[in-house]
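# Descriptive structure summary
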Amino acid sequence: MTLRTYIIRRLIVIIPTFFFISMVIFTLIHLAPGDPVIAMVGRHPMSYEVMEKIRKDLGLDKPIPVQYVIWVSRLLRGNFGYSYVSARPVINMMSEKVPRTLELMLVAEAVSVVIAIILGVIAAVKHYSLADAACSLGALIGYSAPNFWIALIAMLFFTLWLRWLPASGTQTIGIEFASPLHAILDHLKYLILPTAILVLGWTAYLFRMVRSSMLEVLRQDYITTARAKGLKERVVIYKHALRNALLPVITYEGYSMGFLLGGAAVIEYIFSWPGLGQFMVLIAESRDYPTLMGLAMMIALMVLVANLCADIAYAIVDPRIRYD
Amino acid sequence: MTKEPQTKSERETEEVYEPSKATRIFIVWRKLKISELAVFGFGIVLILAVFAVFAPIIAPYDPNFMGTSMRPPSMSHFFGTDARGRDMLTLVFYGARVSLYVGLATVALEVAIGLAIGMISGYFGGIIDEVLMRMTDVILTLPTLPLLIVAISMFEVRSINMIVLVMGIVGWPFIARVVRSEFLSLRESTFVEAARSIGATNWRIIVHHILPNILSTIIVLATMDIPWYIFYEAELTFLGFGDPNSASWGVLLERGHLYLSSAWWLITFPGLALLFTSLGFNLFGDGLRDALDVRTSGR
């Protein structure tokens, strides 16, 4: 089987998984207590008949399986529905939130991968050295510290005491009237704290992973062979060892997407970063079914795509893998 | 793509000498002692347990006693006082009770469910295995924290036990996976075949022959999961999905962060408590893994 058929097959497997997840989430959300119509009406008193009419218009009087089928058939036509609360198309709301989350996550991921690989290689090559001990200890603390607490402490230091960095939102109000360069620099300032917190935690995980994987590879016979035939240590480490050591790291990276999203949600909430995570926390208890479903599906989709990317990357990097 | 844990059957069949239970525990302890960090971790866990159990005796004040509010740390209040004038040190001690309970109870539930499902799946195989493993895949695919939030918002009344229940139900798939793969390999081993040939029942084979072999793996996984659930409870509470009436460290952090600009001690100490708890369990878990010779895939 070629790589292409492998990718196509993996894509096909995603579809039933996606629908199964949507079914589970749909049921969970609709079984939760609370009436969306009462939530919509809010404090304005309304007659029972009008509320019943709204319920009928929204299709909420039908059984849950029927509602699910209606939701899916709309989804297949590209219609995510409209928010019960703001009446805005759900797809528009998502397209505002997704880039924010992706920005935060991709920057944090890129930075932590680079740091983790560099430190991981150093720690593994100089096993049992002072550098190894220092990095491992740092990783242990980074791995053990609750990241939302670190975020609060960072806010305390850098925002409240030193007043170096802003800690809420994505840009200073009114910055859009300044030059584009200023706007970008201003945005970067807002990006630093949340990203740094995420980097701290993720680097710790990845570092442990890279280090142990690298240590394992360095013990292999082919490394001894490479050294024996007189290759430079640099070549042995970066070309022979690191390449193979990164294989499990790639898979891990892809498969930890869900975990990372969860961590990012808390950070987004603390720093008022208007991404998917913050949005999720804010609306989780509202009974805005279309928005909740749209959000859940967006998160599921991101995780599934990340898993798929990990599988494909693995298949490309490791020619030994069997496509089945 | 989890790594299949290495089978231990080959090594074990060669062993003739069977040490007693006490000896085996002693051997594990001696191996654990090689790593000073592991002993250090164990020490932290032990101290926390003492704090939790003897909180009423050790705590300097009554948890409901209200003095002057918002006092910074001083000799009479080592950790300061909160907005209601309660002693933070006392609250952190009492918080250890709730948080450790959450960690232990969730892990117990998670292991119970994971073990049952993993065992059924791995031992019987076939269509049951297929269905159970697809279910496991789906839960493993979904990000834990959002899933917990969705599940918790299904309940109107929030209690600490309800959160434990939800976390246990969401958390089992990883354990189930590991148990299943161990069962798959042990099922085919010679000693299980021998047991079957002398007419041992399925139940007897599972409980007396296979289970003892995967016990160490489960212990290590469970130890390393405890801090996770303590964190998740704290995070959920912090985000407003917890039990506001409990006295966990998460509640302390959630209330404390409202006074971030005026009272740094309100968030610093409960957070440090969380950090040390997690550090303790992680170090202890790492040491146990080496001492019990277990291979766990990265998580």
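Scoring rules and cut-offs
- Going along each chain's sequence as written, the residues are numbered from 1 onward.
- Chains and ligands are labelled by the order in which they are written, letters from A for the one and numbers from 1 for the other.
- In keeping with the predicted nature of the model, local features appear solely for residues at pLDDT of at least 70, side-chain atom pairs appear and are counted solely at 80 or more, and the whole-chain, interface and lining totals rest on all residues.
- Helix and strand assignments come from DSSP, with helices taken as H or I runs of at least 4 residues and strands as E runs of at least 2, each series counted from the N terminus.
- Whether a residue is buried, exposed or partly exposed is read from the other C-beta atoms within 10 Å of its own C-beta, which are placed from the backbone; 20 or more gives buried, 12 or fewer gives exposed, and intermediate counts give partly exposed.
- Any pair of residues counts as being in contact when their C-beta atoms, constructed from backbone geometry, are within 7 Å of one another.
- Fitting a line to C-alpha atoms yields each axis, with helices limited to the stretch in contact; the angle taken between N-to-C directions then spans 0 to 180 degrees.
- Roughly parallel refers to an angle under 35 degrees, roughly antiparallel to one over 145, roughly perpendicular to one between 65 and 115, and oblique to any angle outside these ranges.
- The hand of a helix crossing depends on one turn: near helix anticlockwise from the far one by less than a right angle means left-handed, and clockwise means right-handed.
- Each residue receives one of three labels: charged for Asp, Glu, Lys and Arg, nonpolar for Ala, Val, Leu, Ile, Met, Phe, Trp, Tyr, Cys and Pro, and polar for the others, Gly being one of them.
- For a helix, the expected span equals 1.5 Å multiplied by the number of residues minus one.
- By construction, the arc corresponds to the directions joining the helix axis to the C-beta atoms.
- Each residue carries a pLDDT value, the predictor's own confidence for that position, ranging from 0 to 100.

### Quick look at the overall build of chain A
Each helix and strand counted, chain A has 13 helices and 0 strands in total. Tracing chain A from N to C terminus, the helices and strands come up as α-α-α-α-α-α-α-α-α-α-α-α-α. Its C-alpha atoms give chain A principal-axis dimensions of roughly 85 × 60 × 40 Å. Residue burial in chain A is summarised as follows: out of 324 residues, 37% are buried. Considering only intrachain contacts with a sequence separation of at least 6, the fraction spanning at least 24 residues in chain A is 73%.

### Brief notes about the packing of helix α12 (residues 249–256) of chain B against helix α13 (residues 265–292) of chain B
All names here are of chain B. Two numbers describe how α12 lies on α13: the axes approach to 8 Å, and their chain directions differ by 155 degrees. Accordingly, the angle class assigned to the pair α12 and α13 is roughly antiparallel. Taken as a pair, α12 and α13 cross one another with a handedness that is left-handed. Between α12, through Trp 249, Leu 252, Leu 253 and Gly 256, and α13, the contact on the second element is made entirely by Leu 266, Ile 267, Pro 270, Gly 271, Ala 273 and Leu 274. Across the contact of α12 with α13, the residue classes tally to 8 nonpolar, 2 polar and no charged.

### Concerning helix α3 (residues 36–53) of chain B
Residues and elements named next belong to chain B. Helix length check: α3, at 18 residues, gives a terminal C-alpha distance of 26 Å against a target of 26 Å (1.5 Å per residue), a fit within 8%. Here α3 has its buried residues at Ala 38, Gly 41, Val 45 and Leu 48. End-on view of α3: buried residues confined to an arc of 85 degrees, all on one side of the axis. Counted as exposed and oriented over 90 degrees from the buried face of α3: Glu 36 and Leu 46. On its buried face, α3 sits against α2 (21–34), α5 (88–124) and α13.

### Section: the packing of α5(B) against helix α9 (residues 173–187) of chain B
Residue and element names in this part refer to chain B. Packing of α5 against α9 leaves a shortest axis separation of 7 Å and a crossing angle of 35 degrees. Of the two possible hands of crossing, α5 and α9 adopt the one that is right-handed. Residues Glu 110, Val 111, Gly 114, Leu 115, Ile 117, Gly 118, Met 119, Ser 121, Gly 122 and Tyr 123 of α5 touch α9, and the partners they reach there are Ile 175, Ala 176, Arg 177, Val 178, Val 179, Arg 180, Ser 181, Phe 183, Leu 184 and Arg 187. Grouping the amino acids of the contact of α5 with α9 by side-chain chemistry returns 11 nonpolar, 5 polar and 4 charged.

### So, the environment of A:Phe158
All names here are of chain A. Mapped onto the elements of the fold, Phe 158 is located in helix α7 (residues 147–161). Through-space distance from the C-alpha of Phe 158 to that of Leu 193 is 8.5 Å; in sequence the pair is 35 residues apart. Excluding residues that lie within four positions of it along the chain, Phe 158 makes contacts with Trp 164, Leu 165 and Leu 193.

### Looking at the confidence of the model for chain A
Residue-level pLDDT values for chain A average 86, and 98% of them are 70 or greater. Element-level mean pLDDT values for chain A span from 77 in helix α2 (residues 36–41) of chain A up to 91 in helix α5 (residues 90–125) of chain A.

### Some thoughts on unusual backbone geometry
Residues and elements named next belong to chain A. Phi at Tyr 128 takes a positive value of approximately 70 degrees, unusual for a residue other than glycine. Structurally, Tyr 128 is set in the loop between α5 and α6 (130–144). Since 8 C-beta atoms lie within 10 Å of it, Tyr 128 is described here as exposed. In this model, Arg 163 sits at a positive phi of 55 degrees, which is unusual for a non-glycine residue. Within the secondary structure layout, Arg 163 lies in the loop between α7 and α8 (180–218).

### Quick word on the interface of chain B and chain A
Taken together, the contact between chain B and chain A spans 32 residues of the former and 42 residues of the latter. Of all elements in the fold, only α6 (126–141), α7 (144–152), α11 (202–238) and α13 of chain B reach the threshold of two or more residues within the side of chain B that touches chain A. Of the residues forming the side of chain B that touches chain A, the biggest block, 7 residues, is contributed by α13(B). Taken together, the residues that form the side of chain B that touches chain A break down as 21 nonpolar, 9 polar and 2 charged.

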